[in-house]
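# Summary of structural features
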Amino acid sequence: MNPKIAIIDYGMGNLRSVSKALELCGADVEIITEAKQLENYKAVVLPGVGSFAPAIEILKEKKFDKAIKKHTDAGKMFLGICLGFQLLFTKSYEEGEHKGLDIIKGTVKKFKSSKAKKLIIPHMCWNRVQITKTPYAKDMYGKIKNETYFYFVHSYYCCPDDKKVIATYTDYGLNFCSSVAVKNIWACQFHPEKSSTDGLMLLKNFVKKVKSDVIGN
Amino acid sequence: MSSAIRVIPCLDVNAGRVVKGTNFIDLRDAGDPVEIAKRYNKEGADELVFLDITASSDKRDITFEVVRQTAEQVFIPLTVGGGIRTVDDMRKLLKAGADKISINTSAVENPQLISSGSKKFGSQCIVVAIDAKRDGKSWSVYTHGGRTKKNLDVIEWAKIVVKLGAGEILLTSMDRDGTKDGYDLELMQKVTNAVNVPVIASGGAGKKEHFVDVCNKGASAVLAASLFHFKELSISDLKKYMRKNNIEVR
């Protein structure tokens, strides 16, 4: 049986690609708009395109902040994508200073552009990931080679306090944390749903993990 | 820095069918944009550009459907251009699954469209396409698919669109388009020097060397249509060649 995965729809960006990609990877996907629906699922995806402040505001208003915390505290699988990755952090410096979900300790900062280094902001391109040696990174990047390209679109990057949560680094003027993996929490700055075969492989790994957890339970 | 140069095939779509240079032999449906998109994805395309050349506005809904179906089956970034006049047009296409919107004539006629689109959806969403034709020592901007000459210098226009919030420029040399003589390198160099957003080179690609030449002039992405459509060059072979010539590709 296909594992059921919820995608949180909080009005930040188009969910179609994420949802179709997960279906292709063998999941039954349901879009949820209310926080109380979340307890019915063993796994959830938080996508998102847009600015940090309005996003966290909507999540709080709809009580998704507490529901997500409860979900991850219970050890259930979580995947954050792009803004859904940044929202996990303690605070962001996007347009001021805003508190995030604080599930991962750390901050979200803006890239510095540099004409000399040809660093254009937003960082919008295919870029490589260096996969770390943590056991969780191994789960997340199973069957994906080191230095694989993924598709990025962002102007801010995440800096976790505890470097051990980092699953990949990516070089863009500086070596930034392009994804984290710690136990049941996976999150990436790039868009797996736009990263062709390798992106789909990451989503497959997620679905596989959800499936094995469900059986384990 | 390690971001890769993008290789982008461009598909002209008319009323839901690919119309230019569809010569795929082993496809069930030669003119089906979704099938062609899938094929290019398999070959290693980094992004796809759909140019909607549907003349009648009542058939535009078909384009939304094409974008929707492609985005559901092909998981790479999708840029859609042609006939987009309002922020609402942009919203509809993004909702259908486009990642970026390319505007040309409407940007010249109404530059505010660039800033309002960029404010609404982010600069990464807004691509301004510039059709350039040499005019003595400089280049002039053309609109309406190259039919109307504007009293506008390409370099100046490029700077303006970036200031207004364009996240990317799709630069086509009309002099070179269809000639296979290579991209207009001088034009490319001038524009990439003038702006700090990615520039997609278009018009004139005829062989592998041309792609390498234009990357060395500062292009962030290379676009071609017939060369890929007629299978004169496969994307995977092109990328192999580029890699051998020290151009970073995925």
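All values derive from a computational prediction rather than experimental measurement. (Residues numbered from 1 in each chain as written. Chains lettered and ligands numbered in written order. Predicted model: local features only at pLDDT ≥ 70, side-chain atom pairs only at ≥ 80, totals over all residues. Heavy atoms only, no water.)

Attention now moves to the overall build of chain A. Counting its regular elements, chain A contains six helices and 14 strands. Computed over the C-alpha atoms, the radius of gyration of chain A is 16 Å, within 12% of the 17 Å expected from 2.2 N^0.38 for a compact globule of 217 residues. Overall, chain A is about 55 × 40 × 30 Å in size when its C-alpha atoms are taken along their principal axes. For chain A, with 217 residues in total, the buried portion stands at 57%. Sequence-distant contacts, at least 24 apart, represent 70% of the contacts inside chain A between residues at least 6 apart. (Helix = DSSP H or I, 4+ residues; strand = E, 2+ residues; numbered from the N terminus. Rg over C-alpha atoms; globule rule 2.2 N^0.38 Å. Buried < 20%, exposed > 50% of the residue type's maximum accessible area, 1.4 Å probe, protein only. Contact = heavy atoms within 4.5 Å.)

This brings us to the overall build of chain B. Looking only at helices and strands, one finds 10 helices and 11 strands in chain B. Relative to the 2.2 N^0.38 estimate, which gives 18 Å for 250 residues, the radius of gyration of chain B is 17 Å and therefore close to what a compact globule would have. Oriented by its inertia axes, the alpha-carbon framework of chain B measures out at about 45 × 45 × 35 Å. Looking at chain B alone, contacts between residues at least 24 apart form 65% of all its contacts between residues at least 6 apart. When the accessible surface of chain B is totalled, it reaches about 10,200 Å², and 46% of it is carbon and sulfur. Of the side chains in chain B, 37 bear a positive and 32 a negative charge, and the two mean positions are spaced by 2 Å. (Areas by Shrake-Rupley, 256 points an atom, 1.4 Å probe, with all protein chains shown as cover. Lys, Arg positive; Asp, Glu negative; His and termini not counted. Charge placed at Lys NZ, Arg CZ, Asp CG, Glu CD.)

Moving on, we come to the nonpolar core. Membership of the largest hydrophobic core comes to 80 residues, with the highest contact counts inside it found for Ile103(B), Ile169(B), Leu171(B), Phe211(B) and Met242(B). Leave out the neighbours within four places in its chain, and Ile103(B) touches Ile84(B), Met90(B), Leu113(B), Ile114(B), Ile126(B), Val127(B), Val128(B) and Ala129(B). Within the second largest apolar cluster, 41 residues are counted, among which are Ile131(A), Met140(A), Cys159(A) and Cys188(A). (Core = buried A, V, L, I, M, F, W, Y, C linked by side-chain atoms within 4.5 Å.)

A cluster of nonpolar side chains, Val19(B), Leu51(B) and Ile53(B), forms an exposed patch at the surface whose accessible area comes to about 210 Å². With respect to the helices and strands, Val19(B) occurs in the loop between β2 (17–18) and α1 (33–43). (Patch = residues over 30% accessible without salt bridge, like charges linked within 9 Å, V, L, I, M, F, W, Y side chains within 5 Å. Salt bridge = Lys/Arg side-chain N within 4 Å of Asp/Glu carboxyl O.)

As a further point, take the pattern of salt bridges. One pass over the structure, following the stated rule, counts 29 salt bridges over all chains. A salt bridge links Asp99(B) to Lys194(A), with the nearest nitrogen and oxygen atoms 2.8 Å apart. Pair noted here: Asp99(B) is in the loop between α3 (87–96) and β5 (100–103) and Lys194(A) is in the loop between β14 (185–188) and α6 (196–216), and the two residues belong to different chains. Classification of Asp99(B) by relative accessible area gives partly exposed; the value is 23%. By relative accessible area, which is 4% here, Lys194(A) ends up buried. Taking the shortest distance from any N to any O, the salt bridge between Arg134(B) and Glu186(B) comes out at 3.1 Å.

When the parts come together, some accessible area is lost, and that loss is often what is quoted as the size of the interface. Taken together, the 28 residues of chain A in the interface contact 34 residues of chain B. Of the roughly 2,500 Å² buried between chain A and chain B, counting both surfaces, carbon and sulfur atoms make up 58%. Together, Met124(A), Trp126(A) and Lys194(A) form the three largest contributors to the area buried by chain A at its contact with chain B, with a combined 26%. For the pair chain A and chain B, the interface holds three salt bridges. (Buried area = accessible area lost by both parts, 1.4 Å probe.)

A packed helix pair is summarised by two numbers, namely the angle formed by the two axes and the spacing between the axes. Residues and elements named next belong to chain B. Where helix α8 (residues 208–215) contacts helix α10 (residues 235–244), the axes come no closer than 9 Å and their chain directions differ by 50 degrees. By the angle class used here, α8 and α10 are oblique. Both α8 and α10 take part in a crossing whose hand is right-handed. Residues Lys-208, Glu-209, Phe-211, Val-212 and Cys-215 of α8 touch α10, and the partners they reach there are Asp-237, Leu-238, Tyr-241 and Met-242. For the contact of α8 with α10, the per-class residue count stands at six nonpolar, no polar and three charged. (Axes fitted to C-alpha atoms, helices over the stretch in contact; angles between N-to-C directions. Parallel < 35°, antiparallel > 145°, perpendicular 65-115°, else oblique. Left-handed = near helix turned anticlockwise from the far one by under 90°. Nonpolar A, V, L, I, M, F, W, Y, C, P; charged D, E, K, R; others polar.)

We now examine unusual backbone geometry. Residue and element names in this part refer to chain A. Each neighbour pair has its own omega, and for Ile-121 with Pro-122 the value is 5 degrees, a cis peptide bond. With respect to the helices and strands, the residue Pro-122 is situated in the loop between β7 (104–110) and β8 (123–128). One non-glycine residue, Glu-147, adopts positive backbone phi at about 70 degrees. Here Glu-147 lies in the loop between α5 (135–140) and β10 (149–154). With a phi close to 50 degrees, Lys-183 is a non-glycine residue in the positive phi region. Here Lys-183 is to be found in the loop between β13 (175–182) and β14.

Let's shift gears to α8(B). Residues of α8(B) that are buried include every one of His210(B), Phe211(B), Val212(B), Val214(B) and Cys215(B), and no others. Against α7 (185–194), β10 (199–202), β11 (221–224), α9 (226–229) and α10 of chain B lie the buried residues of α8(B).

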